[in-house]
Amino acid sequence: MKKYLFVLAILLLLFLSSGQSYEQQTIVPTLKQWLPNKPLEGLLSHLQIPYWGRIVSIEERGYYYFVEFLVRKAAHFFTFGLLAIGVYFALPSSRFRTLFALLATAFIAIADEFHQSLTGGRTASGYDVLLDTAGAVTCLVLLHFVLVVQSSIQKQRKPR
């Protein structure tokens, strides 16, 4: 039951966050409070990220809005990565379990962007779906690596 609760908790978090306007979600005031000296500004000023046909950078958005952009995109990547792992463990064991977890997560990413498009002041983004899916792929690959290493260690510990 716990494995389903984990997936449901992430789905609830996604539903609530994609139903909020940008103004309700912005973390810029918090960043201004927590990072008054603009740490890593020099390093971050070298980053220019193509997104939705334009370049996102400190120069284009300003320090706090650029950091917020990075935090929001990292949240997409890792939230959907965790969701993919949760879905993987919620599914019954099968040869195609990883593929089903990936497809389910990609479908949820599409549905989340659609839901977001219904929220005032928000738009759906295919780039975010790709980012979400990349997070799912990355975390599922890491999970398989951990499971292979764990299995190898267990085999070595068994007495022959």
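As shown above, the structure is provided for reference.
Summary of the structure given here. Numbers given for residues are sequential positions, taken from 1 along each chain in its written order. In keeping with the predicted nature of the model, local features appear solely for residues at pLDDT of at least 70, side-chain atom pairs appear and are counted solely at 80 or more, and the whole-chain, interface and lining totals rest on all residues. Calculation of side-chain values draws on the structure's entire complement of heavy atoms; hydrogens and water are dropped beforehand.

**A word on a nonpolar patch on the surface**
Reasoning step 1: Patch construction takes residues with relative accessible area above 30% that form no salt bridge. Like charges are linked within 9 Å, and nonpolar side chains (Val, Leu, Ile, Met, Phe, Trp, Tyr) are linked within 5 Å. Residue burial considers only the protein chains on display, and all accessible areas are found by Shrake-Rupley using a 1.4 Å probe. The salt bridge definition used is simple: a Lys or Arg side-chain nitrogen within 4 Å of an Asp or Glu carboxyl oxygen. On the surface, a cluster of nonpolar side chains totalling about 460 Å² of accessible area is made up of Met1, Tyr4, Leu5 and Leu8.
Reasoning step 2: Only runs of H or I of at least four residues qualify as helices and only runs of E of at least two qualify as strands under DSSP, and these elements are numbered from the N terminus. Among the secondary structure elements, Leu5 is positioned in helix H1 (residues 2-18).
Reasoning step 3: Leu5 gets classed as partly exposed once you look at its relative accessible area, which sits at 48%. For every residue, the accessible area (1.4 Å probe, protein chains only) is compared with the maximum for its type, and the residue is labelled buried under 20%, exposed over 50%, or partly exposed between those bounds.

**What about the packing of helix H7 (residues 97-117) against helix H8 (residues 126-157)?**
Reasoning step 1: Close contact between H7 and H8 brings their axes to 9 Å; oriented N to C, the two are set at 155 degrees. Judged on the interaxial angle alone, H8 and H7 are roughly antiparallel. Pair H7 / H8 crosses with right-handed handedness. Contacts between H7 and H8 pair Thr98, Ala101, Leu102, Thr105, Ala106, Ala109, Ile110 and Glu113 from the former with Asp128, Val129, Asp132, Thr133, Ala136, Val137, Leu140 and His144 from the latter.
Reasoning step 2: The classification used treats Ala, Val, Leu, Ile, Met, Phe, Trp, Tyr, Cys and Pro as nonpolar, Asp, Glu, Lys and Arg as charged, and all other residues, Gly among them, as polar. Residue composition of the contact of H7 with H8, grouped by class: nine nonpolar, four polar and three charged. In this analysis, axes come from line fits to C-alpha atoms, helices being fitted only over the stretch in contact, and the angle between any two N-to-C directions falls in the range 0 to 180 degrees. For classification, angles of less than 35 degrees are called roughly parallel, those exceeding 145 degrees roughly antiparallel, those between 65 and 115 degrees roughly perpendicular, and all remaining angles oblique. Crossing chirality is assigned from the near helix's rotation relative to the far helix, an anticlockwise turn below a right angle marking it left-handed and a clockwise turn marking it right-handed. Contacts were defined at the residue level, with two residues in contact if any of their heavy atoms lie within 4.5 Å.

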